[in-house]
Amino acid sequence: QVQLVESGGGVAQAGGSLRLSCAASGRFFNNFSMGWFRQAPGKEREFVARINWSGSLTYYADSVKGRFTISRDNAKNTMYLQMDSLKPEDTAVYYCARTRVAWILGSGPDEYGSWGQGTQVTVSS
């Protein structure tokens, strides 16, 4: 069973930056696609970005495209989310997730089977 631990959340001003990390335990990290999701108070969890097993393919929600960058370091079993030009509407708990099955892109939330505990990101105006 893989364990995912997010870090790097905190408080930032609008226009500022934060970098989230997701450290994964276990083997075969480089066989699985990974994703970032977020949940704001009173709202459903929403997709933010995903990256395939090798890091060669990425995909972003329209709301973060051009501002956020997802990446991974398979040698360190770690995924990242660089968040720039932050907006108050980016305030949420951010979760990292791993797909249930190796070698799939993780196009939908149901394809993710392992989740971290979440890290709070708060953007002040």
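Within every chain, residues take consecutive numbers counted from 1 along the sequence as written. Whole-chain, interface and lining totals are the exception, using all residues; otherwise, since this is a predicted model, local features are given only for residues with pLDDT of at least 70 and side-chain atom pairs are given and counted only at 80 or more. As a rule here, side-chain values come from all non-hydrogen atoms in the structure, and water together with hydrogens is ignored.

**What about the overall build of the protein?**
The secondary structure listing takes helices from DSSP runs of H or I that are at least 4 residues long and strands from runs of E that are at least 2 residues long, numbered from the N terminus. On a plain count of helices and strands, the protein comes out with 0 helices and 11 strands. The order of helices and strands in the protein, counted from the N terminus, is β-β-β-β-β-β-β-β-β-β-β. Its C-alpha atoms give the protein a radius of gyration of 13 Å, near enough to 14 Å, the size a compact globule of 125 residues would have. The C-alpha extent of the protein, read off along each of the three principal axes, is 40 × 30 × 25 Å. Buried positions account for 44% of the 125 residues belonging to the protein. Note on contacts: a residue pair qualifies if any of its non-hydrogen atoms lie within 4.5 Å across the two residues. Contacts in the protein between residues at least 24 apart in sequence constitute 57% of all its contacts with a sequence separation of at least 6. Residue burial considers only the protein chains on display, and all accessible areas are found by Shrake-Rupley using a 1.4 Å probe. Entry remark: accessible area of the protein is about 6400 Å², with carbon and sulfur atoms responsible for 48%. Note on charges: Lys and Arg go in the positive column, Asp and Glu in the negative column, and His and the chain ends are not counted at all. In this description, the location of a charge corresponds to atom NZ of lysine, CZ of arginine, CG of aspartate or CD of glutamate. Of the charged side chains in the protein, 13 are positive and 10 negative, and the gap between their average positions amounts to 6 Å. Every radius of gyration here is taken over C-alpha atoms, with the globule rule written as 2.2 Å times N^0.38, N being the number of residues. Only protein chains enter the accessibility calculation, which uses a 1.4 Å probe; a residue whose area is less than 20% of its type maximum is buried, one above 50% is exposed, and one in between is partly exposed.

**A word on the pairing of strand β7 (residues 68-73)**
Alternating positions in β7 separate cleanly, Phe68, Ile70 and Arg72 being buried on one face and Thr69, Ser71 and Asp73 remaining unburied on the opposite face. Any two strands are treated as partners once DSSP identifies two or more bridges connecting them. Sheet analysis places β7 next to strand β8 (residues 78-83), joined by 6 bridges and oriented antiparallel. Bridged to threonine 69 within β8 is glutamine 82. As consecutive antiparallel partners, β7 and β8 are separated by 4 residues, and within that stretch asparagine 77 has a phi angle of approximately 50°, a positive value.

**As for the sheet that holds β7**
Read across the open sheet, the 4 strands follow the order β1-β3-β8-β7; overall the sheet is antiparallel. Of all the strands in the sheet, the pair left with one neighbour each is β1 (4-7) and β7. Taking each pair of neighbouring strands and ignoring which way they run, the sheet shows an average axis angle of 15°. Pairing geometry for β1 and strand β3 (residues 18-24), over 4 bridges, is antiparallel. Looking across to β3, one finds that valine 5 is bridged to alanine 23. Here an axis means a line fitted to C-alpha atoms, over the contact stretch when the element is a helix, while the angle between two N-to-C directions is reported on a 0 to 180 degree scale.

**What to know about the environment of valine 48**
Along the chain, valine 48 falls in strand β5 (residues 46-51). With relative accessibility at 0%, the residue valine 48 sits in the buried group. In the structure, valine 48 is positioned 65 residues away from glycine 113 in sequence and 16 Å away in space, judged by C-alpha atoms. Residues contacting valine 48, with those up to four places away along its chain left out, are Trp36, Phe37, Arg38, Tyr59, Tyr60, Ala61, Val64, Phe68, Leu81 and Tyr94.

**Observations concerning the nonpolar core**
Nine residue types can take part in a nonpolar core, namely buried Ala, Val, Leu, Ile, Met, Phe, Trp, Tyr and Cys, and a core is a set of them joined through side-chain atoms within 4.5 Å. Grouped together as the largest cluster of nonpolar side chains are 28 residues, with contacts concentrated most on Trp36, Leu81, Met83 and Tyr94. Of all the secondary-structure elements, those providing two or more residues to this core are β3, β4 (34-39), β5, β7, β8, β9 (92-99) and β11 (119-124). In terms of residue count, the dominant contributor to this core is β3 (4 residues). Beyond its immediate sequence surroundings of up to four residues, leucine 81 is in contact with Leu18, Arg19, Leu20, Trp36, Val48, Ala49, Phe68, Thr69, Ile70 and Tyr94.

**Let's talk about unusual backbone geometry**
The residue phenylalanine 28 is not glycine, and still its phi comes out positive at about 65°. Here phenylalanine 28 shows up in the loop between β3 and β4.

**Some points on the packing of aromatic side chains**
Aromatic contacts are taken between Phe, Tyr and Trp rings whose centres are within 6.5 Å, Trp giving its six-membered ring; a plane angle under 30 degrees counts as stacked, one over 60 as edge-to-face, and the others as tilted. Tallying each qualifying case throughout the model produces 6 aromatic pairs. A ring pair is formed by phenylalanine 37 and tyrosine 112, whose centres lie 5.1 Å apart and whose planes are at 80°; its orientation type is edge-to-face. Linking phenylalanine 37 in strand β4 with tyrosine 112 in strand β10 (residues 112-115), this pair joins segments that are 75 residues apart in sequence. The buried category is assigned to phenylalanine 37, whose relative accessible area is 3%. Overall, the relative accessible area of 1% leaves tyrosine 112 in the buried class. Where tryptophan 53 meets tryptophan 103, the ring centres are 5.5 Å apart and the plane angle is 85°; that geometry is what we call edge-to-face.

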